[in-house]
Amino acid sequence: MSTHDTAAPPAKEGGAAPGRPPAAPVDAEARRRSRLSRRWQRDIRWSPYAFVSPFFLLFLAFGLFPLIYTGWASLHQVEMTAPTDMNWVGLRNYTRIFDDDFFWNAARNTLTIGVISTVPQLLMAMGLAHILNYRLRASTFYRVAMLAPYATSIAAASLVFVLLFGRDYGMINWALDAVGVSPVDWQNDKWPSQIAVSTIIIWRWTGYNALIYLAAMQAIPQDLYESAALDGASRWQQFFHVTLPSLRPTILFTVVVSTIGASQLFGEPLLFDANKGASGGAEHQFQTLGLYLYEQGWVNQHLGRASAIAWTMFLILIVIGIVNYVISRRLRASS
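Residues numbered from 1 in each chain as written. Predicted model: local features only at pLDDT ≥ 70, side-chain atom pairs only at ≥ 80, totals over all residues. Heavy atoms only, no water.

Visitor: Explanation requested: the overall build of the protein in the structure shown.
Guide: Of regular secondary structure, the protein possesses 13 helices and two strands. Over its C-alpha atoms the protein spans a radius of gyration of 34 Å, topping by over 25% the 20 Å that the globule rule assigns to 335 residues. Across its three principal directions, the C-alpha atoms of the protein cover 145 × 75 × 45 Å. Taking all contacts inside the protein whose residues are at least 6 apart in sequence as the whole, residues at least 24 apart take part in 67%. Surface accessibility of the protein: about 21800 Å² in total, with carbon and sulfur atoms responsible for 65%. In the protein, 26 side chains carry a positive charge and 21 a negative one; their mean positions are 13 Å apart. (Helix = DSSP H or I, 4+ residues; strand = E, 2+ residues; numbered from the N terminus. Rg over C-alpha atoms; globule rule 2.2 N^0.38 Å. Contact = heavy atoms within 4.5 Å. Areas by Shrake-Rupley, 256 points an atom, 1.4 Å probe, with all protein chains shown as cover. Lys, Arg positive; Asp, Glu negative; His and termini not counted. Charge placed at Lys NZ, Arg CZ, Asp CG, Glu CD.)

So, in structure tokens, the structure goes:
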């Protein structure tokens, strides 16, 4: 029996036998890098939407859905006791509130309280901001003090002002009596009650608007004041010819925001009422649109009519926004 030996192939001169390097680790690393690259691209593309999605979810739940639902309910006769039983009435809820004298009374009260509170508030805020714009000691303390009324609870502030404007034992009537003025029934007379409610609003929002004006004043270039001073302008002339023209967009912003806030006024007149109801006084003398809506929806249980009032207020805000847009465009065009 003969045996055959299998010989290895001869090696080439100058080195060992040729061999292929392992390719599997290189391919795995390439695939891993490719996966990481795709994941990074997806993260860059979709993570901003994930970050802002909580806002949109909350807006859909507590903003858009109530808006659509109230719009649909305003076209139906529906009571708060049975919100699922809707009877189609079309625009009858709107015609009923426009024929209601209490609605127009609330609209007039909202307008007058808004004017009485907004004009002094913004004038005082402008003066305080002008004072704080100068270099003062403990300026940080004064700025924090300006925000203290804004941070105070509406309930706490309103209850304090109820005590101040009390007819028999209030401090305001005590001060008036000291100078020979007869006591004023702040809660039952029309104009005194509206002035008292406006005082609460002025106290709460003056400091907030003052800080807005202060921030805008500090953004005005100092070169303008230096040029005006070289031309011989006094401090008052610099204020009227340099500061106010530069603050026109900011003034417009505060006027619009204050107007929107006045149209939605609710907490102050509700808590100022001696009867703690939504009527705005015994004769509805300081009932605002917000109180009128609350009275129709949660006191009288007319959900459809309250929805119509809410949409009417929403349309008023849209008109205010359009006016703001037109005025802003004209200001930008003139500047």
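Visitor: I keep staring at the packing of helix α7 (residues 190–218) against helix α10 (residues 248–263) and nothing clicks. Help me out?
Guide: Any two packed helices are characterised by the angle at which their axes cross and by the distance between the axes. Close contact between α7 and α10 brings their axes to 10 Å; oriented N to C, the two are set at 160°. Classified by the angle between their axes, α7 and α10 sit roughly antiparallel to one another. Like other packed secondary-structure pairs, α7 and α10 cross with a definite hand, here right-handed. Residue-level inspection shows N209, I212, Y213 and A216 of α7 in contact with α10, the latter providing T250, I251, F253, T254 and S258. (Axes fitted to C-alpha atoms, helices over the stretch in contact; angles between N-to-C directions. Parallel < 35°, antiparallel > 145°, perpendicular 65-115°, else oblique. Left-handed = near helix turned anticlockwise from the far one by under 90°.)

Visitor: Explanation requested: α7 in the structure shown.
Guide: Each α-helix turn comprises 3.6 residues. Residues three or four places apart therefore point the same way. With 29 residues, α7 ought to run about 42 Å at 1.5 Å a step, and its terminal C-alpha atoms sit 41 Å apart, in line with that. Along its length, α7 shows its largest kink, about 40°, at W205. (Expected span 1.5 Å × (residues − 1). Bend = angle between axes of the 7 residues up to and from the residue.)

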